[in-house]
Amino acid sequence: MENHVIGLLAGKAAIEIKYGDCCDVGANEDIHRAIYIVESLVGNYCEYGFDKFEFLARSSDELLLRKENAIYAEMEKYYQMAKKIIVDNKQFFDSMVRMLIEKKTLVSKD
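Note that the coordinates shown come from a computational prediction; the quantities given were computed from them, not determined experimentally. (Residues numbered from 1 in each chain as written. Predicted model: local features only at pLDDT ≥ 70, side-chain atom pairs only at ≥ 80, totals over all residues. Heavy atoms only, no water.)

Engineer: Can you explain the packing of helix 1 (residues 2–19) against helix 4 (residues 90–103)? Please cite residues and give values.
Structural biologist: Between two packed helices, both the angle of their axes relative to each other and the distance between the axes serve to describe the pair. Here helix 1 crosses helix 4 at 90°, and the two axes come no closer than 12 Å. Relative to helix 4, the element helix 1 is oriented roughly perpendicular. On the side of helix 1, the interface is formed by Ala14, Ile17 and Lys18, while helix 4 contributes Phe93, Asp94 and Val97. In terms of residue class, the contact of helix 1 with helix 4 is built from four nonpolar, no polar and two charged. (Axes fitted to C-alpha atoms, helices over the stretch in contact; angles between N-to-C directions. Helix = DSSP H or I, 4+ residues; strand = E, 2+ residues; numbered from the N terminus. Parallel < 35°, antiparallel > 145°, perpendicular 65-115°, else oblique. Contact = heavy atoms within 4.5 Å. Nonpolar A, V, L, I, M, F, W, Y, C, P; charged D, E, K, R; others polar.)

Engineer: A description of the layout of surface pockets should follow, citing residues and the corresponding values.
Structural biologist: In this structure, the largest pocket encloses a volume near 320 Å³. At the level of elements, helix 1, helix 3 (61–88) and helix 4 are the ones that each hand at least two residues to the lining of the largest pocket. By residue number, the principal contributor to the lining of the largest pocket is helix 4, which donates six residues. Taken as a whole, the second largest pocket holds about 170 Å³ of empty space. In terms of lining residues, the second largest pocket is bounded by Ile35, Glu39, Leu64, Lys67, Glu68, Ile71, Tyr72 and Met75. For the lining of the second largest pocket, the secondary structure elements donating two or more residues are helix 2 (28–44) and helix 3. With six residues, the top contributor of residues to the lining of the second largest pocket is helix 3. (1 Å grid on protein atoms, 1.4 Å probe; cavity = no way out; pocket = protein on both sides within 12 Å on 5 of 7 lines; lining within 4 Å. Points joined across faces, edges and corners; volume = space filled by probe spheres on them.)

This is the structure in structure tokens:
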């Protein structure tokens, strides 16, 4: 699940690396899907501790704040990981960008 989140955030990371701090409206749906997965990891699966799990369907402001902070922290962590993967593979990334500009669409054989 974590690798899937990193993959979902890679598009936004790639735009930031290539063009600097700019808004990528195409990443909106991917970001929402990533947040949904991280929310599940934090709240439903206790992946980051039981202190963020709602027992007996009760929640408090403190619990919601802990969950929210954990989600933000994990999203940032995965986003930084996505950027690092792209930077570490810059030559491959640059060749993919050139191919996308040239072909507009890439398939698996590309």
